[in-house]
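Here's the letter readout for the chains.
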Amino acid sequence: MWYERFRLWAKEHLTITVPGVVLVFTAVYVLMLAVQAGTAGAAWVQAFGSIGAILAATFIASEGRRVERARERKKEAVICLALLYKVEEAKALLIWQSRTLARAFDEIPEISAADRAKAIQILEEQIRKLRAVSLESLPDPRLVNALSEIIDEFLDASLLADAPDLDDYICMRHNRDEGPFSENIYAVEERILLIRRFAGVA
């Protein structure tokens, strides 16, 4: 029914505030005084009505801006959370692939061409997913920089997986359990900290 639609519209667009309630009760009180005062009261009603209209217009405009800012912040938070989910997923795969290569090296010790090709395929797939994020949709230039730097780390890891001296690189690592991409992982985690702050995630 029409009253149900009006109730839903009012719930979405109208906000009950203390100043608004005070303004309504003040207007009702002045109207009651005017009715009792006769003609002179009517002039006062007109004067108060003009002032009330100005105040109401100012209040409505201010409230509209507040609601719009709240909606914009909510939209930005959703975008940041979506970005955070995507980069966290990519980081998890980077960690897994790095440790997989480290375990493969410990068993042979040599990284096979098949292991290299699989690692490169997984890294390039994550690069494509990260590049699919619309930079224009990100609410802050710092997020654009963070995402670009994360993509660079995945590119570096992909190049390292294809490097002829990958075996020697793993041998030189102080902590071989983390695999050849440990430095890339640390750099990605630093960028993710910034994204988490924007997303409001502790």
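Residues numbered from 1 in each chain as written. Predicted model: local features only at pLDDT ≥ 70, side-chain atom pairs only at ≥ 80, totals over all residues. Heavy atoms only, no water.

Asker: Even after reading the chapter, I still don't get the side chain of Asn 184, so can you show me in this structure?
Answerer: Structurally, Asn 184 can be placed in helix 7 (residues 182-199). Residue contacts for Asn 184: discarding those within four places in its chain leaves Leu 94, Glu 153, Asp 156 and Ala 157. (Helix = DSSP H or I, 4+ residues; strand = E, 2+ residues; numbered from the N terminus. Contact = heavy atoms within 4.5 Å.)

Asker: I keep staring at helix 7 and nothing clicks. Help me out?
Answerer: Taking 1.5 Å as the rise per residue, helix 7 with 18 residues should run 26 Å; its terminal C-alpha atoms sit 25 Å apart, in good agreement. Buried within helix 7 we find Ser 182, Asn 184, Ile 185, Ala 187, Val 188, Ile 192, Leu 194, Ile 195 and Ala 199. Positive backbone phi, at 75 degrees, marks Gly 200, one or two positions downstream of helix 7. (Expected span 1.5 Å × (residues − 1). Buried < 20%, exposed > 50% of the residue type's maximum accessible area, 1.4 Å probe, protein only.)

Asker: Explain the pattern of salt bridges to me, please; I cannot follow it from the model alone.
Answerer: Pairing of side chains with opposite charge becomes possible as their charged atoms draw close. Under the defined criterion, the tally for this structure stands at seven salt bridges. In this structure, the salt-bridge partner of Glu 88 is Lys 91, at a minimum N-O distance of 3.5 Å. Here the residue Glu 88 and the residue Lys 91 both occupy positions in helix 3 (residues 39-107), the gap between them amounting to three residues, near one helical turn. Here Arg 196 ties to Glu 88 by a salt bridge, and the two come within 3.2 Å at their closest N and O atoms. Of this pair, Arg 196 sits in helix 7 while Glu 88 sits in helix 3, placing them 108 residues apart in sequence. Assessed through its relative accessible area of 22%, Arg 196 is described here as partly exposed. For Glu 88, a relative accessible area of 23% translates into the label partly exposed. Members of the salt-bridge network, linked through shared partners, are Glu 88, Lys 91, Glu 189 and Arg 196. (Salt bridge = Lys/Arg side-chain N within 4 Å of Asp/Glu carboxyl O.)

Asker: Before we go on, may I ask you to explain the packing of helix 4 (residues 113-131) against helix 5 (residues 141-161) in this structure?
Answerer: To characterise two packed helices, one gives the angle between the axes of the helices and the distance between these axes. The N-to-C vectors of helix 4 and helix 5 enclose an angle of 165 degrees; their axes lie 9 Å apart at closest approach. The orientation of helix 4 with respect to helix 5, classified from their angle, is roughly antiparallel. Handedness of the crossing formed by helix 4 with helix 5: left-handed. Contacts from Arg 116, Ala 119, Ile 120, Leu 123, Glu 124, Gln 126, Ile 127, Leu 130 and Arg 131 of helix 4 reach helix 5 at Leu 147, Ile 150, Ile 151, Phe 154, Leu 155, Ala 157, Ser 158 and Ala 161. (Axes fitted to C-alpha atoms, helices over the stretch in contact; angles between N-to-C directions. Parallel < 35°, antiparallel > 145°, perpendicular 65-115°, else oblique. Left-handed = near helix turned anticlockwise from the far one by under 90°.)

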